[in-house]
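Spelled out, the chains give:
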Amino acid sequence: MKIATILGTRPEIIKMAPIIDEISKRGIDQIILHTGQHYDKEMSDNFFRDLEIPTPDYNIHVGSGTHGKQTGLMMKGIEEVLIEEKPDIVLVQGDTNAVLAGALVASKLHIAIGHVEAGLRSFDMTMPEEINRRAADVTSTMYFIPTEESALNLLAEGFSHKNLLITGNTVVDACFRHLEIAKKRGFEEESLAELDIENMDNILTLTMHRAENVDVKERAESIISALKELSDMNIIFPIHPRTRHTLESFGLFDELNDLPHVHIVKPLGYLDFLLLTSKSTLILTDSGGLQEEAITLNVPALTLRYNTERPETVTAGGNILVGSDKEVILENATKILNDEEFADKMRNAENPYGSGDSAKLTVDAIQDYYKKGLLDIKAPEDIMRSFTRKMASVDEDITVGEFEDGHNSLIHMVFDGDKMRFPADDLNLNGMMINYDERE
Ligand code: UD1
Ligand code: UDP
């Protein structure tokens, strides 16, 4: 079996690292294709070194550009590599342009696609990431889904539960593994000393790079005005290159950099960044990955967005959406800083993203699909049979698997009272309402 991983940006490298590592350990043939969307060493090369994964076999160097140009160049480069390498499955992760390009190309070549971190939805079609993740889900063969809530998004869109695999998020694997490594290597003193900041108490780690925040001057100004008032905090801001460019062009960079309690530093390596976030009192971010890491590391997060595709973090109580509104940011930050009980509740929020075995579950499932021939994508040979859409109330002990075999059917939705449930094969349906397709 040969597995091809396509990645292109910092978070994809971080979240695919545990899977790449697991594939290597099992001796499975693999290739890594980098699109070159991120190219600064602080956004790319350093992570291959820090996370101890092989450097990419291919880099198609697309660089920066408009979405159309960047995605088009990626598609051309990815197609050439996939035709040459003929992998059995292509893995894409998350919601970047690499995911869109990789999924579109692989599906047209009839190569199976595994979407890692599938099923997330912000329901905000103005976000390029929402378009990318939805398109990748439409074309995928295997879905590696972090939580039941995300799996329900896919069921609601009509996907068969058969290929939806709830695996947790590999960010937990990466976080646990690398925090330990960082501590063992004594990175703590070294890295924090490198930041050259005298007082490391009361840390607020800030990251932001979303187009809707940093490309819109009014929003960037509003966030900065809140930062000015948080002068009791040591704000450490490893700045994304996009943000540096736009803040400079708006004339806001120097104003922020001149604040004595704000320390703007270049993007940090993963080990250093994990140590920084784990030492933080508060995280202020618009990053997807950081919302997940905050709840994994028990640090309260305020998310500088109006919606999130990670609502589990909010429901669990570890994350609050504050948009870019100065007053809302300050009100919530003040509460976390001054109300110990409130902060403690946020810190103790249960992590919804699994226990750190997501990479193992993912590669187990790929090997299982391969053995069963389920990665062979070919034109159907059976003539389609008609089916009837039905509802039923179940009043006997019968599992999803038994019901489907007995009725030659596929269950779509299951309601336990007013709660929608994921139709796992071994779920006992007694007392539940189901909706299913019955084949003739
Ligand atoms: C991309 C992803 C976003 C992800 C983020 C992770 C898409 C649509 N966006 O956003 O989902 O959250 O990566 O960080 O795929 N730049 C550099 N050096 C680099 C990379 C970028 O200077 O190595 C600058 C360029 O000016 C570029 C800008 O950053 O135009 C934006 O980069 P781009 O890759 O288009 O989007 P991100 O904001 O990084
Ligand atoms: N990160 C890092 N160094 C930094 C800032 C972030 O290693 O200076 C890591 C962070 O731990 C997380 C990932 O980068 O795992 C998040 O990437 P980003 O915010 O760029 O993208 P998103 O997750 O929003 O797609």
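Remember, it's a predicted structure, so these values are computed and weren't measured experimentally. (Residues numbered from 1 in each chain as written. Chains lettered and ligands numbered in written order. Predicted model: local features only at pLDDT ≥ 70, side-chain atom pairs only at ≥ 80, totals over all residues. Heavy atoms only, no water.)

## Some remarks on the site of ligand 2
Reasoning step 1: Lining the immediate surroundings of ligand 2 are 15 residues, of which Arg 210, Leu 268, Ser 287, Gly 289 and Glu 293 lie closest.
Reasoning step 2: Between ligand 2 and His 209, the relevant distance is 3.4 Å, taken from an oxygen atom to a side-chain nitrogen or oxygen of the residue.
Reasoning step 3: Ser 287 is positioned with one of its side-chain polar atoms (N or O) 2.8 Å from an oxygen atom of ligand 2.
Reasoning step 4: Coverage of ligand 2 by the protein chains reaches 95% of its 540 Å² of free accessible surface.
Reasoning step 5: Going through the elements one at a time, helix H1 (10-25), helix H13 (270-278) and helix H14 (288-296) are the ones with two or more residues in the shell around ligand 2.
Reasoning step 6: The residue makeup of the shell around ligand 2, split by class, is 8 nonpolar, 4 polar and 3 charged. (Near = heavy atom within 4 Å. Polar contact = N/O pair within 3.5 Å; in protein donor to acceptor, adjacent residues only side chain to side chain. Areas by Shrake-Rupley, 256 points an atom, 1.4 Å probe, with all protein chains shown as cover. Helix = DSSP H or I, 4+ residues; strand = E, 2+ residues; numbered from the N terminus. Nonpolar A, V, L, I, M, F, W, Y, C, P; charged D, E, K, R; others polar.)

## Focus: a negative patch on the surface
Reasoning step 1: A cluster of like negative charges, contributed by Asp 395, Glu 396, Asp 397, Glu 402 and Asp 405, occupies part of the molecular surface.
Reasoning step 2: Relative to the elements of secondary structure, Asp 397 occurs in the loop between strand S14 (387-393) and helix H19 (400-407).
Reasoning step 3: Its relative accessible area of 59% is what places Asp 397 among the exposed residues. (Patch = residues over 30% accessible without salt bridge, like charges linked within 9 Å, V, L, I, M, F, W, Y side chains within 5 Å. Salt bridge = Lys/Arg side-chain N within 4 Å of Asp/Glu carboxyl O. Lys, Arg positive; Asp, Glu negative; His and termini not counted. Charge placed at Lys NZ, Arg CZ, Asp CG, Glu CD. Buried < 20%, exposed > 50% of the residue type's maximum accessible area, 1.4 Å probe, protein only.)

## What about the sheet that holds strand S10 (residues 262-265)?
Reasoning step 1: Ordered by their spatial adjacency, 6 strands build an open sheet running S10-S9-S8-S11-S12-S13, and the pairing between neighbours is parallel. Each edge of the open sheet is held by one strand with a lone partner, namely S10 and strand S13 (319-321). Mean inter-strand twist for the sheet, computed between neighbouring axes without regard to direction, equals 20°.
Reasoning step 2: Of the strand pairs in this sheet, strand S8 (residues 203-207) and strand S9 (residues 234-238) are connected by 3 bridges, and their pairing is parallel. Bridging across to S9, Ile 203 finds its partner in Asn 234. (Pairing = 2+ DSSP bridges. Axes fitted to C-alpha atoms, helices over the stretch in contact; angles between N-to-C directions.)

## Some details on the sheet that holds strand S7 (residues 164-166)
Reasoning step 1: Pairing is parallel across the open sheet formed by 7 strands, whose spatial order is S3-S2-S1-S4-S5-S6-S7. Edge positions in the sheet fall to strand S3 (58-59) and S7, since each of these pairs with one other strand and no more.
Reasoning step 2: Here 3 bridges tie strand S5 (residues 112-116) to strand S6 (residues 142-145), and the two strands are oriented parallel to one another. Counted as the bridge partner of His 115 is Tyr 143 from S6.
Reasoning step 3: Sheet strands touched by helix H3 (residues 67-85): strand S1 (2-7), strand S2 (29-34), S3 and strand S4 (89-93). Its angle to S2, the strand with the most contacts, is close to 165°. (Contact = heavy atoms within 4.5 Å.)

## Details of H13
Reasoning step 1: When you tally the buried positions in H13, you get 8 out of 9 residues, the bulk of the element.
Reasoning step 2: For H13, the complete set of buried residues consists of Tyr 270, Leu 271, Asp 272, Phe 273, Leu 274, Leu 275, Leu 276 and Thr 277.

## Considering the nonpolar core
Reasoning step 1: With 48 residues, the main nonpolar core has Ile 19, Leu 51, Ile 89, Leu 91, Met 142, Tyr 270 and Ile 366 as its most contacted residues.
Reasoning step 2: Sorting elements by how many residues they give to this core places H1 first, with 7 residues.
Reasoning step 3: Sequence-distant contacts of Met 142, defined by excluding residues within four places in its chain, comprise Ile 89, Ile 113, Gly 114, His 115, Asn 163, Leu 165, Ala 365, Ile 366, Tyr 369 and Leu 375.
Reasoning step 4: Leu 206, Ala 226, Leu 230 and Ile 320 belong to the second-largest nonpolar core, a separate cluster that totals 33 residues. (Core = buried A, V, L, I, M, F, W, Y, C linked by side-chain atoms within 4.5 Å.)

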